[in-house]
Amino acid sequence: TFSVFTLGDALITFNPSETGPLRYVSAFTRKVGGAELNFAIGCARLGLHTKWTSRLGGDEFGRVIYNFARGEGVDMANVEFVENYPTSLNFKEIREDGSGKTFYYRYQSPILTLEPEDITEAMFDGIDLIHLTGVFLAIDPKNLAIVKRVLEIASEKEIKVSFDPNIRLKLWTLEQAKAAYQEIFPYVDILLTGLDEIEMIIGDASEAALEQCAIDFNIGQLVIKDGGNGARLYQDQTWYTKEAFKVSPIDTVGAGDGFDAGYIYAMLHGYSPEDTLEFANGVGALVTTVSGDNEGLPYLQEVKALISKEKIIER
Ligand code: KDG
């Protein structure tokens, strides 16, 4: 079994009971979210050993997140509770097509208590891949130092690094995001980015500009996610493309994290570039068919069934 490491904040996510403007929604379902935790759950469901590093509120909601993640089989050895830092909340608005808006109540997140010294070499024993995202960086300027410490250990131990910019302009400005990415990209082996995101970051999403970005930052695998239009990969001076699966989305939040988990699973297992993209597309598509940020993350058999169009016996 391959082992992956990720690090990030989690929130209680409130999914609306109906679509449309949040101001008219009066009932919500309490769920769990957080980009890196979604990724961790995705990896665990596919069968990877997944270590998540985080800090949770020492409150009832912190326990909900802990028990949920542990129940999904995520390795919680690096997760601690902190008192007097209430768990952050995220209220979602969802439109008819499954897309939506995010309303954060995230002021003093428990993960602000994580320090660079808390990152030890021993945490990375046996780790095959480290996955980081821009959400963690966006939460606090200090988190760049933590990420740099992780990247230092990654280069020392020659562990592959994947990164998803996950731009959240409700948490920081594009200028702040770009400055941080400039520092991170040179250490990234696999960049998993939305097409709109990379366009915001480098100002141009033409193939020539993307190829230049991969060269400038020495990114071995540049993966471009484009939702319902499929995904592309630039690797060894070659472009690979794979169309998306046709599904009826009801909640698209978390699809990108699922794609990342699928990509990393397939890549670690030596799938070809096209098969890796197809597997990742499959995971992303399945996430959108279930309400919640991570509930739709599939088990291995479910992705395989989608890809091979094999019928799962249901009754
Ligand atoms: O990628 C999905 C995440 O955005 C969601 O689960 C909540 O972590 C979150 C965030 O900060 O937006």
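The structure we're discussing is the one just above.
One structure accompanies this document, and this report is about it.

The rules behind the values
- Residues numbered from 1 in each chain as written.
- Predicted model: local features only at pLDDT ≥ 70, side-chain atom pairs only at ≥ 80, totals over all residues.
- Heavy atoms only, no water.
- Helix = DSSP H or I, 4+ residues; strand = E, 2+ residues; numbered from the N terminus.
- Buried < 20%, exposed > 50% of the residue type's maximum accessible area, 1.4 Å probe, protein only.
- Lys, Arg positive; Asp, Glu negative; His and termini not counted.
- Charge placed at Lys NZ, Arg CZ, Asp CG, Glu CD.
- Near = heavy atom within 4 Å.
- Polar contact = N/O pair within 3.5 Å; in protein donor to acceptor, adjacent residues only side chain to side chain.
- Areas by Shrake-Rupley, 256 points an atom, 1.4 Å probe, with all protein chains shown as cover.
- Pairing = 2+ DSSP bridges.
- Axes fitted to C-alpha atoms, helices over the stretch in contact; angles between N-to-C directions.
- Core = buried A, V, L, I, M, F, W, Y, C linked by side-chain atoms within 4.5 Å.
- Contact = heavy atoms within 4.5 Å.
- Parallel < 35°, antiparallel > 145°, perpendicular 65-115°, else oblique.
- Nonpolar A, V, L, I, M, F, W, Y, C, P; charged D, E, K, R; others polar.

**Topic: the overall build of the protein**
Each helix and strand counted, the protein has ten helices and 13 strands in total. Dimensions of the protein along its principal axes, counting C-alpha atoms only, are 50 × 50 × 40 Å. Sorting the 315 residues of the protein into buried and exposed places 56% on the buried side. With 28 positive and 47 negative side-chain charges, the protein shows a spacing of 5 Å between the two charge centroids.

**As for the site of the ligand**
Close to the ligand lie 14 residues; Tyr104, Arg106, Arg168, Asp257 and Asp293 are nearest. Here Asn38 contributes a side-chain N or O atom positioned 3.0 Å from an oxygen atom of the ligand. At 2.4 Å from an oxygen atom of the ligand is found a side-chain nitrogen or oxygen belonging to Tyr104. For the ligand, the accessible surface in isolation is 320 Å², of which the surrounding protein chains cover 95%.

**A short note on the sheet that holds strand E5 (residues 79-82)**
Strand order in the open sheet made by the nine strands is E5-E4-E1-E8-E9-E10-E11-E12-E13, with mixed pairing throughout. With partners counted over all chains shown, the strands left at the sheet margins are E5 and strand E13 (238-242), one partner each. Strand-to-strand twist of the sheet, defined as the mean angle between neighbouring strand axes without regard to direction, takes the value 15°. With five bridges connecting them, strand E11 (residues 221-225) and strand E12 (residues 231-235) associate as antiparallel partners.

**Considerations on the nonpolar core**
A general trend in soluble globular proteins is that nonpolar side chains are found buried together. Core analysis: the biggest nonpolar cluster contains 50 residues, and Leu7, Phe124, Ile130, Leu132 and Phe163 have the highest contact counts within it. Beyond its immediate sequence surroundings of up to four residues, Phe124 is in contact with Phe5, Ile119, Ile130, Val150, Ile153, Lys157 and Ile159. One finds Val4, Ala10, Met267 and Phe279 within the second-largest nonpolar core, a separate group that totals 45 residues.

**As for the pairing of strand E2 (residues 11-16)**
Within E2, six of the six residues are buried, which leaves the element mostly enclosed by the surrounding structure. Judged by which residues are buried, E2 turns out to be covered on both faces: Leu11, Thr13 and Asn15 on one side and Ile12, Phe14 and Pro16 on the other are all buried. When E2 meets strand E3 (residues 28-33), the two strands line up antiparallel, connected through six bridges. Across the sheet, the residue bridging to Pro16 is Phe28, located in E3.

**Topic: the environment of Tyr181**
With respect to the secondary-structure elements, Tyr181 resides in helix H5 (residues 174-184). Residues Tyr181 and Thr53 lie 128 residues apart in sequence; the distance between their C-alpha atoms is 21 Å. Dropping the residues within four chain positions of it, Tyr181 is found in contact with Gly134, Phe163, Pro165, Asn166, Ile167, Trp172, Pro186 and Ile201.

**Here's the deal with the packing of helix H9 (residues 273-287) against helix H10 (residues 300-308)**
At a minimum axis distance of 9 Å, the contact between H9 and H10 shows a crossing angle of 110°. Between H9 and H10, the crossing angle belongs to the class labelled roughly perpendicular. Only Leu300, Glu302, Val303, Leu306 and Ile307 of H10 make contact with H9, whose side of the interface consists of Glu278, Phe279, Gly282, Val283 and Leu286. A class-by-class count of the residues in the contact of H9 with H10 yields seven nonpolar, one polar and two charged.

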